[in-house]
Amino acid sequence: MTHAVLCLRPEADFARVDAPAPASLSVAYHKPDDAAVPQLIRQADALVIPAVGPKLAPALFDGTQLKLVQVTGAGLDRLDQAVLTKLGIPVANVPGGSNSAVAEYAVTSASLLLRRLGWANAEIARGNYAGFRARMVADNLAGLEGLMVGVVGFGTIGVAVARAFHAAGARLCFHDPAPRDPAVAAALGAAALPLDELLATADVVTLHVPLLPATQGLIGARELARMKPGAVLIQAARGGIVDEAALAAALMSGHLGGAAVDVYSTEPPSADNPLLKVTGEAAARLLLTPHIAGVTRQASALLFRSAWENVERVLVRGEAPLNRAY
């Protein structure tokens, strides 16, 4: 017996990392804006969606027989928790599957910005080898060893990021009202600090909190002004946590040493996004990436296989889903 599953990401995504759907599942792959999706959801036993993308209309879930909505990542931003809870439709995600990829992104981005490697590449390409090398040496640029890294959000991903920076020789502090595992913080020598103190202390600030009413606009002009002159910000959490206009201004003023931004208030960012208007040397200190901090071949394979195993667990074996979010 096969079970009907509607998947709103391309089959090619799964084939690319050798993570096909189990033979016990009959999967239909459609784009989210496909006109057939509302009807197909009503016929499906489970819905599989990527974590990144536009919100799904709550009305899509009315009158369905869904036994599971499975997210192929950690983020739950696309779903209306209140509606799905009221309808009794379980939602599960795959927490932690991108931990290593996000940690690698944070450490690599911080190193690239601190040592001005991307900036140097651009200067050499325009013929300024000697001048820019002399400037880099004169500016006495730091590597990660011995620097203070402030991790905002000490959950599953934040802990993985902290461990990666610790392995690179950095010192650590963190801010989280309810850290997932205080014992890990102690083992890493990471001090718990109020946000304002962390911002004033850290050479690198890296964000790893979900987008909630309490974190919307968490890092604005006031918070950026509190950061150490020359400090680096890593924004690989969720769009909306950082005030993009304020970040652009902090870069243009020279206050920040650099920023890596992987997520945006709207995705893709609109042409009038302030970060796309950053010019001059500030632009050389800004690394923009397209929401791929957690995307590597290895991470995708783990996420997709875990998602399919959970769908099979619920539909075929009749068991409760793992990592049920609500």
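Since this is a predicted model, take the numbers as computed values, not measurements.

### Things to note about the packing of helix α4 (residues 99-114) against helix α7 (residues 156-167)
Then, in step 1: Axis separation between α4 and α7 bottoms out at 8 Å; the angle between their running directions is 50 degrees. Of the possible angle classes, the one that applies to α4 and α7 is oblique. Every pair of crossing elements has a handedness; the one defined by α4 and α7 is right-handed. Counting all contacts with α4, which are made through N99, V102, A103, A106, V107 and A110, the residues of α7 involved are T156, I157, A160, V161, A164 and F165.
Then, in step 2: Of the residues in the contact of α4 with α7, the class split is 10 nonpolar, 2 polar and no charged.

### Points about the pairing of strand β1 (residues 3-7)
Then, in step 1: Here β1 lies mainly inside the structure; 4 of its 5 residues are buried.
Then, in step 2: With 5 bridges joining them, β1 and strand β2 (residues 25-29) adopt parallel strand pairing. Among the inter-strand pairings, H3 is bridged to a residue of β2, identified as L25.
Then, in step 3: As a crossover connection, the stretch from β1 through helix α1 (residues 11-16) into β2 is right-handed.

### Describing the nonpolar core
Then, in step 1: With 33 residues, the main nonpolar core has V152, V205, L207, L224, M227, L233 and L247 as its most contacted residues.
Then, in step 2: Elements supplying a minimum of two residues to this core: β6 (148-152), α9 (195-201), β9 (204-207), α11 (244-252) and β11 (258-261).
Then, in step 3: Top element by residues in this core is α11. It accounts for 5 residues.
Then, in step 4: When neighbours within four sequence positions are excluded, L207 is seen to be in contact with V152, I219, L233, I234, Q235, A236, A237, I241 and V242.
Then, in step 5: Membership of the second largest hydrophobic core comes to 30 residues, among which are Y105, F154, V161 and A185.

Basis of the calculations
Residues numbered from 1 in each chain as written. Predicted model: local features only at pLDDT ≥ 70, side-chain atom pairs only at ≥ 80, totals over all residues. Heavy atoms only, no water. Axes fitted to C-alpha atoms, helices over the stretch in contact; angles between N-to-C directions. Helix = DSSP H or I, 4+ residues; strand = E, 2+ residues; numbered from the N terminus. Parallel < 35°, antiparallel > 145°, perpendicular 65-115°, else oblique. Left-handed = near helix turned anticlockwise from the far one by under 90°. Contact = heavy atoms within 4.5 Å. Nonpolar A, V, L, I, M, F, W, Y, C, P; charged D, E, K, R; others polar. Buried < 20%, exposed > 50% of the residue type's maximum accessible area, 1.4 Å probe, protein only. Pairing = 2+ DSSP bridges. Right-handed = clockwise from strand over helix to strand, strands pointing away. Core = buried A, V, L, I, M, F, W, Y, C linked by side-chain atoms within 4.5 Å.

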